[in-house]
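Here is how the chains run, residue by residue.
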Amino acid sequence: MRVVIQKDYETMCRWAAEYIAAKINENRGDKPFVLGLPTGSSPLGVYKNLIEMNRSGRVSFKNVITFNMDEYVGLPREHDQSYWYFMWSNFFDHIDIPKENVHILNGMAEDPEAECAAYEAAIASFGGIDLFLGGIGVDGHIAFNEPYTSLTSRTGVRTLTSDTRIVNSRFFGGDPEKVPAKALSVGVGTVTDAREVMILISGHNKARALAETVEGGVSQRWTCSALQLHNAAIIACDEEACGELKVDTYKYFLDIEKNERI
C-alpha cells in the first residue's frame, strides 16, 4: 500500500489528477482505459484538475470507459441529487468523453438486482477496471458498503445507515428523511478487483478512518481495511487526515515517497 501525504486538499487533488492522467496517457493500445469513479465532495478537486488538463490538451478521455460507484434508489436522473446528475454537472459535461462510454447504475430500474448483475457483467466485458478512484466515509465505508458489508461483496442493493443519511442530509435540505434509504452500489470486491485502487482521504473528520485503513486489522467493521490486501492500493491524503496515525507510520510513508513524483 502506498500512502501519499500532501499538505492540503488542493495539493492532494492535484497529485491524484496527475496520477490518473499519467495512467490514461500510458494506455497506448487498442483497449480503452477503464476508470471507476466516485461522487461526493472528496473527488471534486480531482475532477476540476482533470477538466483543466483535458482543456489544455494534457489528457483525453476519448478512449476512456467509466463506471461509477453508486446511485440512490428512487431518484430519477434529472433529480439534482442523483449521482447521474452530479457526474454530468461536475465532470462529464466538461471533458471529451463519448456519452456511450459512461456507465452509471440506474436507480429507477424496475429490477434493481438485475440492474446490478448487468453492471458487473458490463465491467467484466471490458476486461475489468484499470483504476478505481474512491473516497471513504467517516466510518470507513467505500461506496455505499456500510460497516459489516462483506469484503468480497459484489454490486447490489444497499440499505443506508442512519449515520450515512444524516451526513448526506446536507444535500437534501438538512432532512435525513429526504435521503433515500437504499442505494445501488458496487461491492467491496468489485472495487478491489480493479488493477489499481486510489482512495482520497482528507480532513480531521476522516483521521480515524485513515488510521484504520492503514494501521488497523482487516475487518468488515472498516470496509476500507480491505485495501490492505490489494497489491496496488494508493491512499492519497492530506495532513489534516493524518492526526491519528502513529508518528512512526507518518514518518515512514513521508520517507519512502519523498523521491516519487507520481
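Let us look at the structure shown here. Just so we're clear, the structure is a prediction, and the values are computed from it rather than from any experiment.

### With respect to the nonpolar core
The biggest cluster of nonpolar side chains holds 37 residues, and the ones touching the most others in it are F67, I201, L210, I235 and C237. Contributing elements (two or more residues each) for this core: β1 (2-6), β3 (64-68), α4 (112-125), β9 (196-201), α7 (207-214) and β10 (233-238). Contact partners of I235, with chain neighbours within four places excluded, come to M1, R2, V3, V4, I199, I201, L210, T213 and L227.

### Some remarks on the packing of aromatic side chains
Note on aromatic pairs: each is described by the distance of the centres and the angle between the planes. In this structure the tally under the stated criterion is 13 aromatic pairs. Residues F61 and F91 carry aromatic rings whose centres are separated by 5.6 Å and whose planes lie at 85° to one another, so their mutual orientation is edge-to-face. Placement of F61 in the loop between α2 (44-55) and β3 and of F91 in the loop between α3 (83-90) and β5 (102-103) is noted, with a sequence separation of 30 residues between them. Residues F61 and F91 agree in their burial class; the two are buried. Aromatic pair F91 and F92: ring centres 5.6 Å apart, planes at 40°, arrangement tilted.

### Section: the sheet that holds β9
Strand order across the open sheet formed by 7 strands is β1-β10-β9-β6-β2-β3-β5, with parallel pairing between neighbours. Of all the strands in the sheet, just β1 and β5 have a single pairing partner and so form its edges. Taken together, the 2 bridges between β3 and β5 define a ladder with parallel strand orientation. By the bridge assignment, F67 is partnered in β5 with H103.

### Points about unusual backbone geometry
For A143, which is not glycine, the phi dihedral falls at a positive 55°. Inspection of the secondary structure puts A143 in the loop between β6 (131-135) and β7 (156-159). A143 sits in the buried class, given a relative accessible area of 9%. Even without being a glycine, Y148 presents a positive backbone phi close to 80°. By secondary structure assignment, the location of Y148 is in the loop between β6 and β7. Given a relative accessible area of 56%, Y148 falls into the exposed group.

### Focus: the sheet that holds strand β4 (residues 70-72)
The strands that make up a sheet are held in pairs by hydrogen bonds between backbone atoms, and each pair lies either parallel or antiparallel. Read across the sheet, 3 strands follow the order β4-β8-β7 without closing on themselves; strand pairing throughout is antiparallel. Each edge of the sheet is formed by a strand with only one pairing partner; in this case those strands are β4 and β7. The sheet shows a mean angle of 30° between the axes of neighbouring strands, direction not considered. In terms of strand pairing, β4 meets strand β8 (residues 182-185) through 3 bridges, oriented antiparallel.

### A few points about the packing of helix α1 (residues 9-26) against α2
When two helices pack together, their arrangement is given by the angle between the helix axes and the distance between those axes. One can describe the packing of α1 onto α2 by two numbers: an axis separation of 8 Å at closest approach and a directional angle of 50°. If you check the angle between α1 and α2, you find them oblique. Crossing geometry of α1 relative to α2 is assigned as right-handed. Mapping the contact onto sequence places Y9, C13, R14, A16, A17, E18, I20 and A21 in α1 and L44, G45, V46, N49, L50 and M53 in α2.

Conventions and cut-offs
- Residues numbered from 1 in each chain as written.
- Predicted model: local features only at pLDDT ≥ 70, side-chain atom pairs only at ≥ 80, totals over all residues.
- Heavy atoms only, no water.
- Core = buried A, V, L, I, M, F, W, Y, C linked by side-chain atoms within 4.5 Å.
- Buried < 20%, exposed > 50% of the residue type's maximum accessible area, 1.4 Å probe, protein only.
- Helix = DSSP H or I, 4+ residues; strand = E, 2+ residues; numbered from the N terminus.
- Contact = heavy atoms within 4.5 Å.
- Phe/Tyr/Trp six-rings, centres within 6.5 Å; stacked < 30°, edge-to-face > 60°.
- Pairing = 2+ DSSP bridges.
- Axes fitted to C-alpha atoms, helices over the stretch in contact; angles between N-to-C directions.
- Parallel < 35°, antiparallel > 145°, perpendicular 65-115°, else oblique.
- Left-handed = near helix turned anticlockwise from the far one by under 90°.

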